[in-house]
Amino acid sequence: MNIALLLLFLVFCKGSHTSGLITNVTTRPGVLNIGSMFTFDSVIGKIAKLAITLAVEDVNSNPNILSGTKLSLKMHNTKSSDFLGIIEALQFMENDTVAIIGPQFSATAHVISHIANELQVPLLSFAATDPTLSPVQFPFLVRTTRSDLFQMTAVVDLVVHFEWKDVIAIYVDDDFGRNAIASLGDKLAEKRCKISYKVPLTPTATKDEIRKALISVSTMESRILILHIYTSWGLQVLEEAQEQKMMDSGYVWIATDWFSTILDTDPSLSLVQTKNIQGVLTFRMYTPDSQLKTEFKSRWSNLTRARKLLNNTSFGLNTYGLYAYDSVLLLAQAIESFFANGWNISFSNDTNLRELSGGKLNLDALNIFNGGRQLLKSILEVNTTGLTGPIKFDADGNLLNPAFEVINVIGTGTRTIGYWSNSSGLNVLPPEKLQMKMQTNGSSAGTQKLYSVIWPGQTTEKPRGWVFPYNGRKLRIGVPHRVSYPEFVGIKGTDFTGYCIEVFQAALNELPYGVPYKYVPFGDGIKNPENNDLLHRVQIGEFDAVVGDITITTNRTKMVDFTQPYIESGLVVVAPIRKMNSSAWAFLRPFTPMMWGVTGVFFLVVGAVVWILERRTNEDFRGPPRRQFVTIIWFSFSTLFFSQKEKMGSTLGRFVLIIWLFVVLILNSSYTASLTSILTVEQLSSPVKGIESLAIGNDPIGFLKNSFSEAYLTDELNIHHSRLVPLNSAEDYEKALKKGPNAGGVAAVIDERAYMELFLSSRCGYSIVGQEFTKMGWGFAFPRDSPLAIDMSTAILKLSENGNLQKIHDKWLMKSACSAEGSKQAVDRLQLKSFWGLFLLSGIACFLALLLHVLRMVRQYYRHADSDIESSQSTGRLKSFVSFVNKREQEVKSRSKRRRTDNKASNKIAHDQECSSDGLDES
């Protein structure tokens, strides 16, 4: 193709052109030459031929479009040949053609677009869908149909909707197929999916080539087949697939719009052909319903019915026919805009071809269309409505609002199961209706994506999308051959046993299909193998999976895919423990020193507050200072055991005492419970209290060699590497712990809980101290994006739900010689932080009572104080206030009452004397 172009044209056209003599200048000619080139006898071509002819007739018969100018259409049959396409394009250029409708094939478009660029003649292709036909490289090629970039995006959304990961691409090996599949691969990669196998077929593939290709496909793992080929032999692929039993259940066939084009063009397929295509999914370029489209369909039916009567041939209308019709309509409106802007039709010789004049090829007859750039601009600016809906181009030269129908072949017909649009993805509603719904409701959330599908094999159950490849090879399952803990993974010759192995086999039994596999030991059994090295073997394909005690960490998830964890196992600290002997001071152990101190202070504070509130009204709280001090101490601490002999007279005192008795009740109950536990439960203690105390010390720490815990301790906890001691087995753990940090051993061992519980089940001198300080789990490892990892995760969840996972755990790991938990550890002492709320409540009660008491005293002082005190200085007033507060309340009230009585008597005597004086005066 490129050689033909090079020989015929590009070798003569280098660099930019310069215009020569301008000829044939016309303002608005009566007739304009346009060309059309495609393959007449192809499925698309025979429809396009009639559609273009009808469009030209409609334009010429409508005086409102070109104002009397007629289009003169010249059609050339390329016969599926790129070489003929080049020749015919050159012929058009000899005859002052202003535009060409075509070409049909993307490969041809790649070639003749160079000619169009040189001679500035716009090409309007209604069928060239290659995504790489960019307007940047080919500015004079206008794609009046949908790019395969959008169709491949729709295919990817369909794959993602059904949760498949790997697909197989079967495609024609030319620009049309290769570039579309490249776009498919890019879009799949964006969704973490991939093309696992590519099957290119020659543009003239034979039945034998198709059979060989499908046989190779049948041995692959993926069962999702994307078919992007030509209409001329597409059905042969499906026919051969039927013969190879590849149209049975489990397979998924997704055909691009070539298949819907065949169905639309020839809806009456034979019974044999219909049988071969059951359950296939395909796409059709979506064109919204309109009155214009309905009328054209009716007209088409009448024409094809008459044609059938004449020559017994009939064909339906496909979407490419609609786009071919609209291409002519688009061109006509662009030409009208061209003339309306004052441009003229003129052609000139290409100076690059002058030196080639006189040759037999007659290349100097090729003319440049001087108004080509203006006409191209008018084409791209058209905004109208045609049979396919709105016609308008975006900045990249693509028609706006790309959309496709998703079609399922069922029985003798098809069923639309949904729609795809570039703006909203998959949905059961047509794009325009979905847009209206979104504008009304504000969101498309909750709407159904697709209707149900009838898959190959006449099943409605979604295919899994993959199988184990039929190549006779079993899955190679890597198993770590460890020195320690055979209860988890035990290897003796060809026997593989242990908890992890049994869980894996139980999960496999839950799968709805069989899995051929064999275990392969990894390691020499003398030292523990490196888990990261084992997982790397999965990454490079040496192993198909890893089964064992493999902890799921962030870095490891970047290498492989893990299943759902089948056991939780975070890091814990194990240290030696010793039995605590009882002592004479054991009764002090329930509370911490701080707790004892605060409690004692509050006893004294509450006693003092009650003394202040009661001493003016209660004789029990009066007397010599020594007696009052003893009363305060006695009253406070007696609240722990029994009711006080002192009676409470004031309301505020009772309020404070009620709150305090509640606090004492809680403290007493907590103390009793803690002391009971201390005296009745065997107490064990360890100098190591947990990871915090271990990290800030300097004692050596043991860990399992080649485990992830080493990196965690150094990187996350900043423990110096010199403090870490690698150990290989449970026996090494015990030896190092017995020696201790001062005799060449370790103060504690850090490892995963699952290991430590098994270690402690038979060793009573050690225990887990502190809390588990990481939350992790074990899982089975598979290659990235492996579908088996997802199914195994589901199987593990089933094992957990039906109780079998716990039964396997109890079988291998449940041993009761010693308790592995810290229940024998010393009971935690009660701390102040557990009771500060109670103390705060009591403190607030005391403060409020004292505040109200003081306010009450001040009020009484100003009401009942003597007049001489009121007139005294501030210093004397303070002394008098203190003296007033120290008095009994009854005494103050009696004195105040006596003073009021004396005042009344004095007033009465004065009044009588005044009356006697008045009587004497009158006499």
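Description of the structure in this document. As the structure is a prediction and not an experimental result, all values here were calculated from the model.

### Topic: the overall build of the protein chain
At step 1: Counting secondary structure elements, the protein chain contains 31 helices and 34 strands.
At step 2: Here the protein chain holds 923 residues, and the buried ones make up 50% of them.
At step 3: Pairs at least 24 residues apart make up 75% of the contacts formed inside the protein chain by residues separated by at least 6 positions.
At step 4: If you sum the accessible surface of the protein chain, you get close to 44,200 Å²; carbon and sulfur atoms cover 54% of it.

### Describing the packing of helix H9 (residues 234–243) against helix H10 (residues 257–265)
At step 1: At their nearest, the axes of H9 and H10 sit 10 Å apart, and the two run at 100° to each other. As judged from the angle between their axes, H9 and H10 are roughly perpendicular. Mapping the contact onto sequence places Gly234, Leu235 and Leu238 in H9 and Trp258, Phe259 and Ile262 in H10.
At step 2: Broken down by class, the residue content of the contact of H9 with H10 amounts to five nonpolar, one polar and no charged.

### Notes on the packing of helix H13 (residues 319–340) against helix H14 (residues 372–380)
At step 1: Closest axis-to-axis distance for the H13/H14 pair is 8 Å, and the angle between their directions is 120°. For the element pair H13 / H14, the angle class is oblique. The two elements H13 and H14 meet at a crossing, and its hand is right-handed. Facing Leu330, Leu331, Ala334, Ile335, Ser337 and Phe338 of H13, the residues of H14 in contact are Gln374, Leu375, Ser378 and Ile379.
At step 2: The residue makeup of the contact of H13 with H14, split by class, is seven nonpolar, three polar and no charged.

### Some remarks on the pattern of salt bridges
At step 1: By the definition in use, this model includes 21 salt bridges.
At step 2: With its nearest N and O atoms 3.8 Å apart, the salt bridge here joins aspartate 289 to lysine 293.
At step 3: We note a salt bridge from glutamate 381 to lysine 377, for which the minimum N-O separation is 2.6 Å.
At step 4: Connected through shared salt-bridge partners, Asp208, Arg211, Lys212 and Glu240 make up one network.

### Examining the pairing of strand E16 (residues 403–410)
At step 1: For E16, the buried fraction is high: seven of the eight residues fall into the buried class.
At step 2: Across five bridges, strand E11 (residues 281–285) lies against E16 in antiparallel orientation. By the bridge assignment for E16, leucine 281 is matched with asparagine 408.
At step 3: Bridge analysis of E16 against strand E17 (residues 413–421) gives eight bridges, and the strand direction is antiparallel. Along E17, the bridge assignment pairs isoleucine 410 with glycine 413.
At step 4: In this antiparallel pair of consecutive strands, E16 and E17, the connection spans two residues, and glycine 411 shows a positive phi of 60°.

### Side note on unusual backbone geometry
At step 1: In this chain, glycine 102 is followed by proline 103 through a cis amide linkage whose omega measures 0°.
At step 2: Inspection of the secondary structure assignment puts proline 103 in the loop between strand E4 (99–101) and helix H5 (106–119).
At step 3: The phi torsion at glutamine 458 lies on the positive side, around 60°, for a residue other than glycine.
At step 4: Locating glutamine 458 in the fold gives a position in the loop between helix H15 (431–441) and strand E19 (475–480).
At step 5: With relative accessibility at 53%, the residue glutamine 458 sits in the exposed group.

### Topic: the sheet that holds strand E31 (residues 748–752)
At step 1: In spatial order, the strands read E30-E29-E31-E26-E32; together these five strands make up an open sheet with mixed pairing. Every interior strand has two partners, whereas the edge strands, strand E30 (724–727) and strand E32 (766–769), have only one. On average, adjacent strands in this sheet sit at an angle of 35° to one another, irrespective of strand direction.
At step 2: Of the pairings in the sheet, the one linking strand E26 (residues 571–576) to E32 comprises four bridges and is antiparallel in character. Paired with alanine 575 across the strands is serine 767, a residue of E32.
At step 3: Across the sheet, helix H24 (residues 730–739) lies against E26, strand E29 (701–704), E30, E31 and E32, angled at about 155° from E31, the strand it touches most.

### Here we look at the sheet that holds E16
At step 1: Spatial ordering of the open sheet is given by E8-E7-E9-E10-E11-E16-E17-E18, a layout of eight strands whose pairing is mixed. The sheet is open, and its two borders are formed by strand E8 (194–201) and strand E18 (425–427), each paired with just one other strand. The sheet shows a mean angle of 25° between the axes of neighbouring strands, taken without regard to direction.
At step 2: This element, helix H7 (residues 175–190), spans strand E7 (166–172), E8 and strand E9 (224–228) of the sheet and lies at about 165° to E7.

### Focus on the packing of aromatic side chains
At step 1: Taken as a whole and assessed by the stated rule, the structure comprises 40 aromatic pairs.
At step 2: Judged by centre distance (5.3 Å) and plane angle (80°), the ring pair of phenylalanine 504 and phenylalanine 780 falls under edge-to-face. You can see phenylalanine 504 sitting in helix H16 (residues 499–510) and its partner phenylalanine 780 sitting in the loop between strand E33 (777–778) and strand E34 (781–782), a full 276 residues away along the chain. The residues phenylalanine 504 and phenylalanine 780 share a single accessibility class, namely buried.
At step 3: Across the ring face of phenylalanine 40, the terminal group of lysine 49 is positioned such that the distance to the ring centre comes to 4.5 Å.
At step 4: Across the ring face of tryptophan 466, the terminal group of arginine 464 is positioned such that the distance to the ring centre comes to 4.8 Å.

Conventions and cut-offs
- Residues numbered from 1 in each chain as written.
- Predicted model: local features only at pLDDT ≥ 70, side-chain atom pairs only at ≥ 80, totals over all residues.
- Heavy atoms only, no water.
- Helix = DSSP H or I, 4+ residues; strand = E, 2+ residues; numbered from the N terminus.
- Buried < 20%, exposed > 50% of the residue type's maximum accessible area, 1.4 Å probe, protein only.
- Contact = heavy atoms within 4.5 Å.
- Areas by Shrake-Rupley, 256 points an atom, 1.4 Å probe, with all protein chains shown as cover.
- Axes fitted to C-alpha atoms, helices over the stretch in contact; angles between N-to-C directions.
- Parallel < 35°, antiparallel > 145°, perpendicular 65-115°, else oblique.
- Nonpolar A, V, L, I, M, F, W, Y, C, P; charged D, E, K, R; others polar.
- Left-handed = near helix turned anticlockwise from the far one by under 90°.
- Salt bridge = Lys/Arg side-chain N within 4 Å of Asp/Glu carboxyl O.
- Pairing = 2+ DSSP bridges.
- Phe/Tyr/Trp six-rings, centres within 6.5 Å; stacked < 30°, edge-to-face > 60°.
- Lys NZ or Arg CZ within 6 Å of the ring centre and 35° of its normal.

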